[in-house]
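These are the residues of each chain, in order.
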Amino acid sequence: MGDYDEETAFLGQTGPYFWTTFFLLNTVFVSTGFDGLYIIFAGAAPRHHCLVPDVNLTDEWRNAVIPLVTADGEEVQSQCSRYKLSVVKNLSDEGYIPGRDINLTNLEQEGCLDGWVYSKDIYQSTIVTEWNLVCDNQWKVPFASSTLFVGYLVGSLISGQLSDRFGRKKVVFVSLAAQSLSVLLQSFSQSWRMFCIMFLFVGASQISIYISAFVLGTELLSKTMRVLFTTLGAFLFYCIGYMTLPWIAYGIRDWRTLLAVLSATSVVYIPLWWFLPESPRWLITQGKAAEAEIIVREAARKNKVQAPPVVFKESEIQDMPPGRKYTMLDILKSFNLRCITLMCLLLWMAINIGYFGLSLNTSNLSGNPFMNCFLSAISEVPAYIVSTCLLRKCPRRELLSTFLIIGGGVLLLIQFIPDTLQYVALALEMSGKFGFTMAFTIVYIYTAEIYPTVLRNVGMGMCSSAARIGSITAPYVIYLGTYNKVLPYILMGSLTISSSVVNLFLPETFNKDLPETVEQILFCPSVNSRSPKKHRGRTSLFVYLSGALARSQTTIPSRAPPAMFVRSRENVGGKDVNEQEFK
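Residues numbered from 1 in each chain as written. Predicted model: local features only at pLDDT ≥ 70, side-chain atom pairs only at ≥ 80, totals over all residues. Heavy atoms only, no water.

1. Details of the overall build of the chain
Heads up, the condition is: Secondary structure elements are defined from DSSP: runs of H or I of at least 4 residues count as helices, runs of E of at least 2 residues count as strands, and each element is numbered from the N terminus. Buried means the residue's accessible area, taken with a 1.4 Å probe over protein chains only, is under 20% of the maximum for its type, while exposed means over 50%, and partly exposed covers the values in between. The contact criterion used is simple: two residues touch if any of their non-hydrogen atoms lie within 4.5 Å. Note on areas: Shrake-Rupley with a 1.4 Å probe; residue coverage comes only from the protein chains shown.
Broken down by element type, the chain carries 25 helices and eight strands. Burial status across the chain gives 53% buried among its 583 residues. Long-range contacts, defined here as pairs at least 24 residues apart, represent 82% of the contacts in the chain between residues at least 6 apart. With the model as given, the accessible surface of the chain reaches about 26,000 Å², and the carbon-plus-sulfur share is 62%.

2. Side note on the state of the cysteines
So the rule is basically this: Two cysteine sulfur atoms form a disulfide, by the criterion used here, when they sit within 2.5 Å.
For the coordinates displayed, the defined rule picks out two disulfides. Residue pairing for Cys50: its cysteine sulfur links by disulfide to Cys112, the two sulfurs lying 1.7 Å apart. One disulfide, between Cys50 and Cys112, carries an S-S torsion of -60° and so falls in the left-handed class. Taken together, the positions of Cys50 in strand β1 (residues 48–50) and Cys112 in the loop between β5 (109–111) and β6 (116–118) put the pair 62 residues apart, joining distant regions of the chain. Residue Cys50 is classed as buried on the basis of its relative accessible area of 0%. For Cys112, a relative accessible area of 11% corresponds to the buried category. Here Cys80 is linked by a disulfide to Cys135, with a sulfur-sulfur distance of 2.0 Å. Between Cys80 and Cys135 the disulfide shows an S-S torsion of about -100°. By sign, it is left-handed. Of this pair, Cys80 sits in the loop between β3 (74–77) and β4 (81–83) while Cys135 sits in the loop between α7 (127–131) and α8 (140–166), and the two are 55 residues apart along the sequence. Under the relative-accessibility criterion, Cys80 is labelled partly exposed at 36%. Residue classification places Cys135 among the buried positions, given a relative accessible area of 17%. By sequence-ordered numbering of the bonded cysteines, the chain has its disulfides arranged as 1-3, 2-4.

3. As for the nonpolar core
Formally: Side-chain atoms within 4.5 Å are what join buried Ala, Val, Leu, Ile, Met, Phe, Trp, Tyr and Cys residues into a set we call a nonpolar core.
Counting 128 residues, the largest nonpolar core has Tyr38, Phe195, Phe214, Trp348 and Leu400 as its most contacted members. For this core, the element with the most residues is helix α10 (residues 192–220), which contributes 14 residues. Not counting residues up to four positions away in its chain, the partners in contact with Phe195 are Ile39, Ile127, Trp131, Ala144, Gln186, Ser189, Trp255 and Leu259. Counting 13 residues, the second largest nonpolar core, distinct from the first, contains Cys50, Leu57, Leu91 and Leu107.

4. Describing the confidence of the model for the chain
Put simply, the test is: The predictor reports its confidence for every residue as pLDDT, a score running from 0 up to 100.
Here the chain averages 77 in pLDDT, while 82% of its residues score no lower than 70. Predicted confidence in the chain is weakest over helix α25 (residues 536–546), with a mean pLDDT of 34, and strongest over helix α12 (residues 255–264), with 93. Confidence drops under pLDDT 50 across residues 524–583; counting only partners more than four residues distant or on other chains, this segment forms 105 contacts.

5. A closer look at the environment of Ser498
In this structure, Ser498 sits in helix α23 (residues 487–503). Relative accessible area serves as the criterion here: at 40%, Ser498 is assigned to the partly exposed category.

6. A short note on the packing of helix α3 (residues 28–35) against α10
Stated precisely, the cut-off is as follows: The angle between two axes is taken between their N-to-C directions and runs from 0 to 180 degrees, where each axis is a line fitted to C-alpha atoms and a helix contributes only its stretch in contact. The cut-offs work like this: below 35 degrees is roughly parallel, past 145 is roughly antiparallel, 65 to 115 is roughly perpendicular, and the gaps in between are oblique. In this scheme the crossing of two helices becomes right-handed for a clockwise turn of the near helix relative to the far one and left-handed for an anticlockwise turn of less than a right angle. We call Asp, Glu, Lys and Arg charged. Ala, Val, Leu, Ile, Met, Phe, Trp, Tyr, Cys and Pro are nonpolar, and the rest, Gly among them, are polar.
The N-to-C vectors of α3 and α10 enclose an angle of 150°; their axes lie 10 Å apart at closest approach. Put simply, α3 runs roughly antiparallel to α10. Both α3 and α10 take part in a crossing whose hand is left-handed. From α3, Val28, Phe29, Ser31, Thr32 and Asp35 reach across to α10, where they touch Val202, Gln206, Ile209, Tyr210, Ala213 and Phe214. Here the residues of the contact of α3 with α10 sort into seven nonpolar, three polar and one charged.

7. Focus: the side chain of Ser189
Inspection of the secondary structure puts Ser189 in the loop between α9 (168–187) and α10. With sequence-adjacent residues up to four places away left out, Ser189 is seen in contact with Trp131, Met194, Phe195, Trp255 and Arg256.

8. Observations concerning the UniProt feature "transmembrane region" (unreviewed entry) in the chain
What counts is decided by this rule: UniProt positions are given in the numbering used here, feature names are shortened, and annotations may be inferred rather than shown by experiment.
The UniProt record annotates "transmembrane region" (unreviewed entry) at residues 17–41, 194–216, 228–249, 255–276, 335–357, 369–387 and 399–417. Structurally, residues 17–41 comprises 84% helix and 0% strand, and the distance from its first C-alpha atom to its last is 39 Å. A helix fraction of 100% and a strand fraction of 0% characterise residues 194–216, whose end C-alpha atoms lie 33 Å from each other.

9. A few points about the packing of aromatic side chains
Think of a pair of aromatic rings as described by two things: how far the centres are apart, and how the planes are tilted against each other in angle. The line we're drawing: Stacked, tilted and edge-to-face are the three classes assigned to paired rings of Phe, Tyr and Trp, where Trp is represented by its six-membered ring and a pair needs centres within 6.5 Å; plane angles under 30 degrees give stacked, over 60 edge-to-face, the rest tilted. Placement of a charge over a ring requires the Lys NZ or Arg CZ to be within 6 Å of the ring centre, with the centre-to-atom vector within 35 degrees of the ring normal.
Tallying each qualifying case throughout the model produces 25 aromatic pairs. Residues Phe29 and Tyr210 carry aromatic rings whose centres are separated by 4.9 Å and whose planes lie at 65° to one another, so their mutual orientation is edge-to-face. With Phe29 in helix α3 and Tyr210 in helix α10, the pair connects residues that are 181 residues apart, well separated along the chain. Neither residue differs from the other here; Phe29 and Tyr210 are each classed as buried. The interplanar angle of 80° and the centroid separation of 5.2 Å between the aromatic rings of Phe173 and Trp273 together place this pair among those described as edge-to-face. Placement of Phe173 in helix α9 and of Trp273 in the loop between α12 and α13 (280–285) is noted, with a sequence separation of 100 residues between them. Owing to a relative accessible area of 33%, Trp273 belongs among the partly exposed residues under this scheme. In this structure, Lys169 is placed above the aromatic ring of Trp273, and the distance from its NZ or CZ to the ring centre is 4.3 Å. Cation over ring: Arg253 sits above Tyr250, and NZ or CZ is 4.6 Å from the ring centre.

Quick look at the structure:
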C-alpha cells in the first residue's frame, strides 16, 4: 500500500472538511466526561446517623442517644453506633437526666440495628442512601467504582479488535448505543449487585467509544489537525463533559433521575452517523479502495480542491491483500513489535499508577461538592493547552520523558515536606498533577503514531488495558503505606522515573507519516543492515535501541517502497525480506 498522507496531500492541511470532522467527532468525547464520573454524585455518602425508632423517650435522651465522636478536630454524632436502646429506655423511664445523673461514656453501645437517617441538605437520594452502603458496607461504594475500571479493561481488550475487524465508525456508534442503554438500565437497578454489573458494561462501552473515536480522528484528519485533535480536541471536549456534569447533578439531586437524563443525552449523536465517514485508511487495508476513494473525493469537494483522476494507485493497493485480519497475535509474532509494545504497556501503566496515586494523596477540598468537581475539571485545562502547543514543535519522546520526570519527582519529593508547609506540599501536588496530565495527553498521540494502521486499534487497546490494570493496582500500592508511609511514594516515583528512561528507547514519530503496514514498523532504513546475516533478525532492534539516544529523528520511515519486501533469506511477519536492499 502506498503512503496515504502523500497520496491525499492535495486535500491540504485544513479546510471545511477537516474542521467539520474535527468538531463533530470531538462532541463524542463529551459523553465520556459525563458517564465516567457520575459515581462522584451517585455514590456520595451524605451525613448520617443511626435511626432511633419511635419509642417512649424524653427529649433529653432522644437528643443524647447518638454518641459524640471527634472527627477532624470537631465533635460530631457517631455515624455507625448508638447507645443501647433498651438501656436508654429504662433510664428515661426512671427519670434520669443524661450528662447530669448518668455518665454517658460508661453506657453500652450498639450498631444501627434499625437503619440510618440521612441528611438531605445536598442529595435527595444516592446509592448509599438507597442500599445503606455505610459502616460495615462502606467498602461496597469503592468496589462499585472499581467495576467501572474492570469494564475499561474488558472494553480495551475487545474494542481494538472489533474496530480493526468491523471498522472504526461502526464500533463508535454501537458503543454509544451500548453506553446509553447500560446507564439507563443502571438507573433501574434494584440492588447493589445489579448496579455493579451494569457499571461494568458502562465502562466497557465508554472506553470503546474513546479508543475507537480517537483512532478514527487520528486516521481521518491531516497531520496538522491530528495534533490538535489528539490533544486540545479529544481531551478538552472530555473535560467539557467533566465540567458540565456537576451542574447537571446540581439540578438533579436524585441518582436514578440523574442517570436516566445522562443516558438520554446520547440521542443527540444519532445524526452524526450521516456526517462522519469511515476511515479511508482502514478501508484500504480491507481491500475496499473504491469506498475509500469516494470518501476522499467527497473531502476534496468540501475543501474545494481538485482531486487527481486516480487517488490510490492500483499497484500499491494490491500490496495489501484484501480481507487480511490483524489481531494481538500479529504483535506477538514480531520481535521488534513485542519489544515496542512491552515498553508502551509499561509507560501507560506507570502513568496511570502515578496519576492515581497522586490524586489519592491530594487533600480533599472543603465546601460545595459540585463546585469542587468543577474546579477539579477546570484545573486540567492548562495542561491540555500547553501540550497542544508543545506537540506542534517538540519531539514526543523528549516531551513525555520530561513530564514523567516531573510527576515522578513530585512523588519522591512530597514525602519529605513537613506538615507545617502545607502550601509547599499543595504546590508540589499541583505540579505533579500537571505533569501527569501532560503525560496522559502526550502518550495517547505518541502511541497512536507508533502503531501502523492495521494494528493501531489493537495496540491502543492493549495499552489502555495496561492503564486499567494500573488504576486497579494503585489502591493496593497506596495500602503499603499502612506498613511504611514512605514505601508507596518510593515505589510509584521509582516506577515513573524508570518509565521515563524506557520511553527514550521508543521510536520518534515527530514529523513522520503514520505507518500503514506492519513492515513499516518492522524495518527502518536507519537500522544497520551490515550485521552478520544469521543475527540480523534479532540484532536489528538492539542496534536501533543503542543509537536511539543519539538520534533525534529516527525510526518510522515516511514511506516503505514495495521493492523493500521482495525476497530474502529470512521470513518475518509473513513476508520475505531482502535486507540487502536497505544498504
